[in-house]
Amino acid sequence: MTSGTKAEPRMNEDETTLSGEGPAAAADAPEPGLTRGTWIGVTVIAVIVALVVIFGIAARHRSESTLETDTKAASIPSVKVIHPASSLLSSGLALPGNTQAYVDTPIYARTSGYLKNWYFDIGAHVRKGQLMAVIETPELDEQLQVAQADLKSAEANLNLANTTSARYQNLLTTNSVSKQETDVAVSDAAAKKAAVDASTAAVRRLQQLQSFEKIYAPFDGIVTARNIDIGGLIQAGENTTPKELFHLAAIQKIRVFVSVPEAYSTSIKAGGKATLTLDEYPGREFEGTIARNSNAIDSATRTLNVEVDVDNPKGELLPGAYVFVHFKVPQRSSNLMIPSNTLLFRAQGLQVGVVRDGRVQLVPVTISKDLGANVEIASGLTPNDAVILDPSDSLASGQEVQVKSQMNENATQMQKKEGAQ
């Protein structure tokens, strides 16, 4: 460079590149596009979206699987079960009974008329043969007088016929009369005798009816009802409905009728002892004797009708009372006890539902003793059976069930409950 020549300024590459001057600048410049950082960001977003989709699909699949499992489990009913407990039958048997008077008789009138007087009201103690009422029978009295008059007329005719018969028989010996006339006279006397007998019977019948004007007590007892009053019309006869005048009951001895279950029928023997308890007399017992039984099982109730006679000299036991009769029966073998709410009453008979291998099996059972809340089973179950509590009416054999809970009753506690009952 010579002096005096002005120096041209130099431009660095960066400025040349940025200014875009020069023929090489256009060839070397990169095309516009996504940077590396942008690509990384897009990739991260895509991965996140893919993970969200994958986790959403997995969660939905799990929900559907859980719903299917829950639906299947909900379709299987849950049941509560209990195992039967052993129970030793006690030697005592308490059964309800009804008391009746030893003799209980309604008293009717045998003759028609009007009540003149009555002498005993309800609750009165009467002796056999005591006069209880008097009936006025004016029509019967007149009929008796007519019958007595007819009897006198028949007797007079008979006397005349007998006299005539005797005369004819005497005349026949002398052939003064014919045999025919004599036979007629004898026959007439016999007819008159029959007429007298008929009149006599009519008089006796009316006298008997007249004797029923007075009503007497047929036995010692208590008047439990009086259905008449003075002046009341009393009609007696075959074509009328009789009206009960009095009701008389003999309560010196009381009959108690008890329905004994068939399982104990062989243990109840005539001549055995039994005791009675009543709510009216707490803490007291009345001793009775087994008098007789029906010797037949009632097909409707499967019970034996037993009569227990109890002496009642003080009249403390009243007819119609509700009592409990306690029998002594031999000790019995051990049976199984289950709650009453396990029983199913079906047309096939008494059944219970038992769970075996996750399925229901309906088992017929036989009850030996009903204790109210619990029953004793004589046959059909084993101690290891899982018996369903509160079974539904739609329960069927082969139905799949799941055991919700298991209730193991204490056998000793159940025996205590039995003893309390």
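Residues numbered from 1 in each chain as written. Predicted model: local features only at pLDDT ≥ 70, side-chain atom pairs only at ≥ 80, totals over all residues. Heavy atoms only, no water.

Overview of the pairing of strand β13 (residues 303–311)
Inclusion rule: A simple rule labels every residue: compare its accessible area, found with a 1.4 Å probe on the protein chains alone, to the largest value its type can have, and call it buried under 20%, exposed over 50%, or partly exposed in between. Where helices and strands are cited, they refer to DSSP runs of H or I of at least four residues and of E of at least two residues respectively, numbered from the N terminus. Any two strands with at least two DSSP-identified bridges between them are counted as paired.
Among the 9 residues of β13, 7 are classified as buried, and the element is accordingly described as predominantly covered. In terms of strand pairing, strand β10 (residues 244–261) meets β13 through 9 bridges, oriented antiparallel. Of the residues in β13, the one forming a bridge with Val-260 is Leu-304. Bridge analysis of strand β12 (residues 286–297) against β13 gives 5 bridges, and the strand direction is antiparallel. Counterpart to Arg-292 in the pairing with β13 is Glu-307.

Re the pattern of salt bridges
This is how it is decided: Salt bridges are counted wherever a side-chain nitrogen of Lys or Arg sits within 4 Å of a carboxyl oxygen of Asp or Glu.
Inspection of the entire model under this criterion finds 9 salt bridges. One salt bridge connects Asp-188 with Lys-192, and the closest N-O pair in it is separated by 2.8 Å. Of the two residues, Asp-188 and Lys-192 are both situated in helix α5 (residues 179–211); the distance of 4 residues between them amounts to about one turn of the helix. For Asp-188, a relative accessible area of 34% gives the class partly exposed. Here Glu-307 and Arg-255 are joined by a salt bridge, their closest N and O atoms 2.8 Å apart. Here the residue Glu-307 occupies a position in strand β13, and Arg-255 occupies one in strand β10, the gap between them amounting to 52 residues.

Notes on the confidence of the model for the protein
Our working definition: Note: pLDDT gives the predictor's confidence per residue, expressed from 0 to 100. Residues count as neighbours in contact if any of their non-hydrogen atoms are within 4.5 Å of one another.
The predicted model of the protein averages 82 in pLDDT, with 83% of residues at 70 or higher. Throughout residues 1–31 the model reports pLDDT below 50, and contacts reaching past four residues in sequence, or to other chains, amount to 5 contacts. Note that pLDDT drops below 50 for residues 407–421; the model gives that stretch 28 contacts with residues more than four away or on any other chain.

Re the sheet that holds strand β7 (residues 214–216)
The 4 strands are arranged β7-β6-β4-β9 in an open sheet whose pairing can be described as antiparallel. Edge positions in the sheet fall to β7 and β9 (233–234), since each of these pairs with one other strand and no more. Two strands pair when backbone bridges link them, and strand β4 (residues 113–118) and β9 are joined in this way by 2 bridges, in the antiparallel orientation. Paired with Gly-113 across the two strands is Ile-234, which belongs to β9.

Quick notes on the nonpolar core
Put simply, the rule is: Residue types Ala, Val, Leu, Ile, Met, Phe, Trp, Tyr and Cys, when buried and joined through side-chain atoms within 4.5 Å, form a set referred to as a nonpolar core.
With 27 residues, the main nonpolar core has Val-256, Val-260, Leu-276, Val-308, Val-325 and Phe-327 as its most contacted residues. Elements supplying a minimum of two residues to this core: β3 (92–108), β10, β11 (273–277), β12, β13 and β14 (322–328). It is β10 that contributes the most residues to this core, 6 residues altogether. With 19 residues, the next largest nonpolar core counts Ala-109, Met-132, Ile-135 and Ala-250 among its residues.

Here we look at the pairing of strand β21 (residues 386–389)
Burial of β21 is two-sided: the residues Ala-386 and Ile-388 facing one way and the residues Val-387 and Leu-389 facing the other way are all buried. Sheet analysis places strand β1 (residues 78–82) next to β21, joined by 3 bridges and oriented antiparallel. Along β21, the bridge assignment pairs Val-81 with Ile-388. Sheet analysis places strand β17 (residues 349–356) next to β21, joined by 2 bridges and oriented antiparallel. Looking at β21, one finds that Val-355 is bridged to Ala-386.

Let's talk about the packing of aromatic side chains
Aromatic ring pairs are reported here in terms of the distance separating the ring centres and the angle at which the planes meet. Operational definition: By convention, a stacked pair of Phe, Tyr or Trp rings (six-membered ring in the case of Trp) has centres within 6.5 Å and planes under 30 degrees apart, an edge-to-face pair has planes over 60 apart, and any other such pair is tilted. We count a charge as sitting over a ring when the NZ of a lysine or the CZ of an arginine lies within 6 Å of the ring centre and within 35 degrees of the ring normal.
Taken as a whole and judged by the stated rule, the model has 2 aromatic pairs. Taking the centre distance of 5.6 Å and the plane angle of 70 degrees together, the rings of Tyr-281 and Phe-286 count as edge-to-face. For Phe-286, a relative accessible area of 8% puts it in the buried group. Ring geometry for Tyr-322 against Phe-324: centres 5.7 Å apart, planes inclined by 80 degrees, an arrangement best described as edge-to-face. Between Arg-226 and the ring centre of Trp-118, over which it is positioned, the NZ or CZ distance is 3.9 Å. The ring centre of Tyr-102 lies 5.6 Å from the NZ or CZ of Lys-253, which sits over that ring.

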